[in-house]
Amino acid sequence: MVDGSTHVIDRDKTEVNRDAVNSFVNQVLIDGQLDALSDYIDENDYTEHNPLIIDLRFTKYFLNMRRAVITRQSTKKITVL
C-alpha cells in the first residue's frame, strides 16, 4: 500500500529504527507483552492505514497479529533485516 514514489530520508536513523521494530515484534507480537504497546505506539495519536482493520479495536488487532505470528514461526526470535 504505497501511494506513489517515496524517497529515503534520515538514513542515519536506520539502525535505531530497526532496533525499535525488532524490539516491538519480539516483545509485543511474539512474547505477548501487550502492556508494552504504549512503549511503541500512542493509541491517542495513531492513524491506522490498513483498510482491513477499520472495525477492530487497536489492542484486538495486535492480539490477532500476535496469534498469526506465533502460528507461523518457531521458538526463535524474528529479526528485521
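Being a predicted model, the structure only gives us computed values, none of them experimental.

Reading guide: rules and limits
Residues numbered from 1 in each chain as written. Predicted model: local features only at pLDDT ≥ 70, side-chain atom pairs only at ≥ 80, totals over all residues. Heavy atoms only, no water. Phe/Tyr/Trp six-rings, centres within 6.5 Å; stacked < 30°, edge-to-face > 60°. Helix = DSSP H or I, 4+ residues; strand = E, 2+ residues; numbered from the N terminus. Buried < 20%, exposed > 50% of the residue type's maximum accessible area, 1.4 Å probe, protein only. Salt bridge = Lys/Arg side-chain N within 4 Å of Asp/Glu carboxyl O.

(A) Spatial organisation of the packing of aromatic side chains. Per the stated rule, a full pass over the model turns up 1 aromatic pair. With a centroid separation of 5.4 Å and 70 degrees between ring planes, the pair formed by Phe24 and Tyr40 is classed as edge-to-face. One end of the pair, Phe24, is in helix α1 (residues 14-30); the other, Tyr40, is in helix α2 (residues 37-40), with 16 residues separating them in the sequence. Relative accessible area serves as the criterion here: at 13%, Phe24 is assigned to the buried category.

(B) Structural context of the pattern of salt bridges. On inspection of all chains with the given rule, the structure shows 2 salt bridges. One salt bridge connects Lys13 with Asp10, and the closest N-O pair in it is separated by 3.9 Å. In this structure Lys13 comes out as partly exposed when scored by relative accessible area, which is 42%. For Asp10, a relative accessible area of 40% gives the class partly exposed.

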